[in-house]
Amino acid sequence: MAAFSFTLTPPLSKPSPSSLSWTLFSLSSPTPPHFPPKPLRKTLVVFSSLNAKPTILVAEKLGSAGIELLKTFANVDCSYDMTTEDLCAKISLCDALIVRSGTKVTRQVFESSAGRLKVVGRAGVGIDNVDLAAATEHGCLVVNAPTANTIAAAEHGIALLTAMARNIALASPDVKAGKWQRSKYVGVSLVGKTLALMGFGKVGSEVARRAKGLGMHVIAYDPYAPADRARAIGVELVSLDEAFSTADFISLHMPLTATTSKILNDYAFSKMKKGVRIVNVARGGVIDEEALLRALNSGIVAQAALDVLTEEPPPKDNMLVLHENVTVTPHLGASTFEAQEGVAIEIAEAVVGALKGELAATAVNAPMVPAEVLAELAPFVLLAEKLGRLAVQLVAGGGGVQSVKITYASARGPDDLDTRLLRAMVTKGLIEPISSVFVNLVNADFTAKQRGLKIAEERIVLDGSPEKPLEFIQLQLANVESKFAGALSDLGEIKVQGMVKEGLPHLTMVGSFGVDVSLEGSLILCKQVDQPGIIGKVGSILGEGNVNVNFMSVGRIAPQKQAVMTIGVDEEPDTETLKKIGEIKAIEEFVFLKL
């Protein structure tokens, strides 16, 4: 806990909420403001939790390597086998939650968090146990670990495929019981057989590679799979009906959604070849288990190998589990030592990164932005947020901002610039300084719509090298009054513009005035008559007030005409210091802005 003091002088503007709590996608760490001591004034000591460690609740067992990584950054609470009531009672004390597949993260959980929960980490691929809509509405990022257990799941799928084909699960206990029934357990060969993959994502692709090595003909149904990737592996993409009608083996590798729920049902089984064999290492709910039992009893399905079930663990009298032609394992797809440690590390890194404010490449309920794009856009992300914070503080009156136009200038083509992240950060900058809402990439569009904020985007294609993604970003706020008239364009809109220089965001235009000041700390904007000595006078006043100037720029229409002076300061000037600046005769107006 850090302690600092400040005077009881009323603040000039509302403090930024992001300086008081953990906020996703902020690229700079908040630090306690410095207020120089004022003699003969009473001070109030406030203890800030800015430097306190966040709390991460681990609700299901996680590999030790992941737990140790979490402990280097946060307070870790490992509480397993909690009821929904237990989780809801505890969640308001937690900044992040890590689960596997057994914990349901419902809307009630997000509501019970009272806004504190910022990240939910799913240690694995599937996220059907997390209410994504509720997470998004509450501004909570959901991340998963999509790669670490891919190989383990694919290997288990192949293990079930071969074990089922050769009746291993049935023959082994017979031999241990003293029986030797070779003729009873004659299997089927895999070579030359057609394997239909239902879902051609990471796991499905790895199963395909291994099945090709076994000499199988592999086809796949996945309406979202890229054809070039399938061709590279030697897999033919087919329709759903063709997959059902031609397959000797069907292996499921799709998430459980409203579309895929019970995709293998009575109708699907009626389309299949008699004697088809089914493997499921995806989710239990993608199979209508009663329909599968009927298909097994009728002989349409010869065998099934299931690693997942609709209800886990299943009831002891589950007829599908007890069926002699069904091989069952207790959700072992990711259960290798290597995968467990890999998943633990992957999800721990994702959760810690999100809590640090880093952009998450494995975000589930946010636009999937590739890591290389995130790295390239990082300085422009900060620029977008700073411009939004600056623009909204220039608005006067209580009407608020109703519409904003964002202009991106770039030498790249329109299809080569993903602006969703930048739009989200502009929204964050516009909304957070004037509300108690915390905005991030997850809930930015939802929050803007909820508040009636209309955002229009425009792109200007420039001539030149497309090496960097953007030349500048410009914001225009229409139909608002400005507390600083110099920020108004010829059309009467508040206009600010910025660019990235040497990796740092810079303000390059206010209204019609060109400036050049680093967007660090806070700013003072002064509109003045351009004449000698003004810069010196303002600098002297700030020095007397113990305010350090880190940057200063003057933009003017013409010599001896109107100009805008932009001053970057490290500390917030007190009321007396700002009053002295306003008393300089040549200064027509000024405003202090906290960034």
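For the structure itself, look to the data block above.
Residue numbers run consecutively from 1 along every chain, following the written order of its sequence. Per-residue local features are limited, in this predicted model, to residues with pLDDT of at least 70; the limit for side-chain atom pairs, both in listing and counting, is 80 or more; totals at the level of whole chains, interfaces and linings are taken over all residues. Neither water nor hydrogens contribute to the side-chain values; these are computed over all heavy atoms in the structure.

Enquirer: Report on the overall build of the protein chain, specifying residues and quantitative values.
Expert: A tally of helices and strands in the protein chain yields 18 helices and 26 strands. Across the protein chain, the fraction of contacts at a sequence separation of at least 24, relative to all contacts at a separation of at least 6, is 68%. Counting every atom, the protein chain has about 27200 Å² of accessible surface; 54% of that belongs to carbon and sulfur. Helical segments are the DSSP runs of H or I of at least four residues, strand segments are the runs of E of at least two, and each set is numbered from the N terminus. Contact criterion: two residues are considered in contact whenever any of their non-hydrogen atoms come within 4.5 Å of each other. With residues, only the protein chains shown are counted as cover, and all accessible areas are computed by Shrake-Rupley using a 1.4 Å probe.

Enquirer: Account for the nonpolar core, naming residues and giving values.
Expert: Residues enter a nonpolar core if they are buried and are Ala, Val, Leu, Ile, Met, Phe, Trp, Tyr or Cys, with the set joined through side-chain atoms within 4.5 Å. Working definition: with a 1.4 Å probe on protein chains only, accessible area under 20% of the residue-type maximum means buried, over 50% means exposed, and in between means partly exposed. Ranked by internal contacts, the top residues of the largest apolar core, which has 77 residues, are Leu394 and Leu507. When sequence neighbours within four positions are dropped, the list of residues in contact with Leu394 reads Glu481, Ser482, Lys483, Phe484, Ala487, Ile494, Val496, Leu525, Val591 and Leu593. Counting 30 residues, the second-largest nonpolar core is a separate cluster that includes Val238, Ala243, Ala291 and Ala295.

Enquirer: Tell me about helix H7 (residues 202-213), and name the residues and values.
Expert: Look at H7: 17 Å from first C-alpha to last across 12 residues, which is about the 16 Å you get at 1.5 Å a residue. Within H7 the residues assigned to the buried category are Val203, Gly204, Ser205, Glu206, Val207, Ala208 and Ala211. Buried-residue contacts for H7 involve helix H5 (150-165), strand E8 (194-198), strand E9 (217-221) and helix H8 (227-233). Just past H7, the residue Gly215 takes up positive phi, approximately 85 degrees. To estimate how far a helix should extend, the number of its residues minus one is multiplied by 1.5 Å.

Enquirer: Which residues make up H5, and what values go with them?
Expert: Between the first and last C-alpha of H5 there are 23 Å, a value that for 16 residues agrees with the 22 Å anticipated at 1.5 Å per step. Burial within H5 is extensive, with 12 of its 16 residues counted as buried. A positive phi of about 55 degrees marks Asn167, the residue just after H5.

Enquirer: Explain the sheet that holds strand E5 (residues 96-99) residue by residue, including any values.
Expert: The pairing of strands in a sheet happens through backbone hydrogen bonds and is either parallel or antiparallel. Spatial strand order, E4-E3-E5-E6-E7: 5 strands in an open sheet with parallel pairing. Whereas interior strands pair on both sides, the edge strands pair on one side only; in this sheet they are strand E4 (75-78) and strand E7 (141-144). Shown here is a sheet whose adjacent strand axes are inclined to one another by a mean of 20 degrees, direction ignored. In this scheme, strands are said to pair when DSSP sees at least two bridges between them. The pairing of strand E6 (residues 119-122) with E7 spans 4 bridges and is parallel. Across the sheet, residue Val120 finds its bridge partner in E7, namely Val142. Angles here are taken between N-to-C directions and fall from 0 to 180 degrees, while the axes themselves are lines fitted to C-alpha atoms, restricted in helices to the stretch in contact. Of the strands in this sheet, strand E3 (55-58), E5, E6 and E7 are in contact with helix H13 (residues 337-356), which crosses E6 at around 170 degrees.

Enquirer: Outline the sheet that holds strand E16 (residues 403-410), listing residues and values.
Expert: Sheet architecture is open: 6 strands sit in the order E17-E16-E18-E20-E21-E22, paired in mixed fashion. Looking at which strands have only one partner, the edges of the open sheet turn out to be strand E17 (454-461) and strand E22 (513-518). Along the sheet, successive strands turn relative to each other by an average axial angle of 20 degrees, direction set aside. Where strand E20 (residues 494-501) and strand E21 (residues 504-510) come together, 6 bridges link them in antiparallel fashion. By the bridge assignment, Val496 is partnered in E21 with Val510.

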